[in-house]
Amino acid sequence: MDVLEDTFFQQLATVCSESRHAFDSHVGMSQLRRQLLILLSELGEMSHAALQHHLAIDGATITRLVKQFESEGVLSRRLDPQDNRYTLVSLTGSGQQTVAALSTAHRLFQTRLLADISKEEQETALRVLQHVRANIRTLQGKQP
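What comes next concerns the included structure. Only a predicted model underlies this, so the values are computations on that prediction, with no experimental measurement involved. Every chain begins its residue count from 1, and numbering advances along the sequence as written. A pLDDT threshold of at least 70 governs which residues receive local features in this predicted model, and a stricter bar of 80 or more applies before side-chain atom pairs are shown or counted, although totals over entire chains, interfaces and linings include all residues. Side-chain numbers come from the whole structure's heavy atoms, not from hydrogens or water.

## Looking at the overall build of the protein
Next, step 1: Strands are runs of DSSP state E lasting at least 2 residues, helices are runs of H or I lasting at least 4, and numbering of each runs from the N terminus. Regarding its fold elements, the protein presents six helices and three strands.
Next, step 2: A radius of gyration in this sense is built from C-alpha atoms; the matching globule rule multiplies 2.2 Å by the number of residues raised to 0.38. In terms of overall dimensions, the protein is more spread out than a globule: its C-alpha atoms have a radius of gyration of 19 Å, far above the 15 Å expected for 144 residues.
Next, step 3: If one aligns the C-alpha atoms of the protein with their principal axes, the spans along those axes are about 60 × 40 × 20 Å.
Next, step 4: For the protein, long-range pairs separated by at least 24 residues make up 46% of all intrachain contacts whose partners lie at least 6 apart in sequence.
Next, step 5: For the area figures, the Shrake-Rupley method with a 1.4 Å probe applies, and any residue is considered shielded solely by the protein chains shown. Element-wise, carbon and sulfur atoms account for 54% of the exposed surface of the protein, whose accessible area totals about 10000 Å².
Next, step 6: Within the protein, one finds 15 positive and 16 negative side-chain charges whose respective centroids are separated by 6 Å. Residue contacts follow a heavy-atom distance rule, with two residues in contact if any of their heavy atoms lie within 4.5 Å. When charges are counted, neither His nor the chain ends are considered; positive counts come from Lys and Arg and negative counts from Asp and Glu. Note on charges: their place is set at NZ of Lys, CZ of Arg, CG of Asp or CD of Glu.

## Side note on helix α1 (residues 3-27)
Next, step 1: Multiplying 1.5 Å by the helix residue count minus one yields the expected span of that helix. When the terminal C-alpha atoms of α1 are compared, their 36 Å separation across 25 residues agrees well with the 36 Å that a helix rising 1.5 Å per residue should span.
Next, step 2: A positive phi of about 70 degrees marks Gly28, the residue just after α1.

## A closer look at the side chain of Thr92
Next, step 1: Note on placement: Thr92 falls in the loop between β3 (87-91) and α5 (93-113).
Next, step 2: At 2.5 Å, the side chain of Thr92 forms a polar contact with the backbone oxygen of Gly73.
Next, step 3: Residues contacting Thr92, with those up to four places away along its chain left out, are Gly73, Val74, Leu75 and Ser76. Counted as a polar contact is a pair of N or O atoms within 3.5 Å, where, for protein atoms, one must be capable of donating a hydrogen and the other of accepting one, and residues adjacent in sequence contribute only when both atoms are in side chains.

## Looking at the packing of helix α3 (residues 48-55) against helix α4 (residues 59-71)
Next, step 1: A fitted line through C-alpha atoms represents every axis, and for helices the fit uses only the stretch in contact; the resulting angles, taken between N-to-C directions, go from 0 to 180 degrees. α4 packs onto α3 with a crossing angle of 115 degrees between their chain directions and a minimal axis gap of 9 Å. One finds that α3 runs roughly perpendicular with respect to α4. As α3 packs across α4, the resulting crossing turns out to be right-handed. Residues His48, Leu51, Gln52 and Leu55 of α3 form the contact with α4, whose own contacting residues are Gly59, Ile62, Thr63 and Val66.
Next, step 2: Each residue is assigned to one of three groups, with Ala, Val, Leu, Ile, Met, Phe, Trp, Tyr, Cys and Pro labelled nonpolar, Asp, Glu, Lys and Arg labelled charged, and all others, Gly among them, labelled polar. In terms of residue class, the contact of α3 with α4 is built from four nonpolar, four polar and no charged. Orientation labels follow simple angle bins: below 35 degrees gives roughly parallel, above 145 gives roughly antiparallel, 65 to 115 gives roughly perpendicular, and whatever is left gives oblique. What makes a crossing left-handed is the near helix being turned counterclockwise from the far one by less than a right angle; a clockwise turn instead makes it right-handed.

## Remarks on the environment of Arg78
Next, step 1: Mapping Arg78 onto the fold places it in strand β2 (residues 75-79).
Next, step 2: Arg78 sits 22 residues away from Ala56 along the chain, and the two C-alpha atoms are 22 Å apart.
Next, step 3: Sequence-distant contacts of Arg78, that is, excluding residues within four places in its chain, are made with Glu45, Tyr86, Thr87 and Leu88.
Next, step 4: Within the structure, Arg78 has its side chain in polar contact with the side chain of Glu45 (distance 2.8 Å).

## Quick look at the nonpolar core
Soluble globular proteins: nonpolar side chains tend toward being buried together.
Next, step 1: The criterion is simple. A nonpolar core is a set of buried Ala, Val, Leu, Ile, Met, Phe, Trp, Tyr and Cys residues joined through side-chain atoms within 4.5 Å. With a 1.4 Å probe rolled over the protein chains alone, any residue whose accessible area is under 20% of its type maximum counts as buried; one over 50% counts as exposed, and the rest are partly exposed. Among the nonpolar cores identified, the biggest contains 19 residues, and Leu36, Leu37, Leu40, Leu51, Ile62 and Leu75 are the most heavily contacted of them.
Next, step 2: Residue contacts for Leu51: discarding those within four places in its chain leaves Leu36, Leu39, Leu40, Met46, Ala56, Ile62, Val66 and Val89.

## Some details on α3
Because an α-helix packs 3.6 residues into every turn, residues spaced three or four apart end up facing the same way.
Next, step 1: By the burial criterion, the buried members of α3 are His48, Leu51 and Leu55. Down the axis of α3, the buried set is contained in an arc of 60 degrees. They therefore lie on one face.
Next, step 2: Of the surrounding secondary structure, the elements contacted by the buried residues of α3 are α2 (31-43), β1 (46-47), α4, β2 and β3.
Next, step 3: Just downstream of α3 lies Ala56, where phi reads positive at about 55 degrees. Of all possible arcs, the one meant is that of the directions from the helix axis to the C-beta atoms.

Spelled out as structure tokens, the structure:
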């Protein structure tokens, strides 16, 4: 692999990592905590097991996050009326406001990240990334 290819992939990985960490700091919340809230916002009330499956994390982490959010008034829990072995989790009104604020903050953050980058440059970068993804699918034996 030549230096340009190495640099391209190093920069791509670095930009992804730095932007994620910068957004975490910007909103004061980890990516995992945001993912949990957004998942509940998109899919509605869910069991701990469903959250664990969708987020691909262990049950203890789900329980800890849910308890933290519940103490903050962002989530509520109740027993599943169909099967009281399960606990259902949903956003509270405050949780819905938090998700809306995160969405607004994300749009503003993206705008700031792309400041002084022309639409043409953004479109070129997008085409390159789409092409890389197509190449990945080809390498994996999948259709683009």
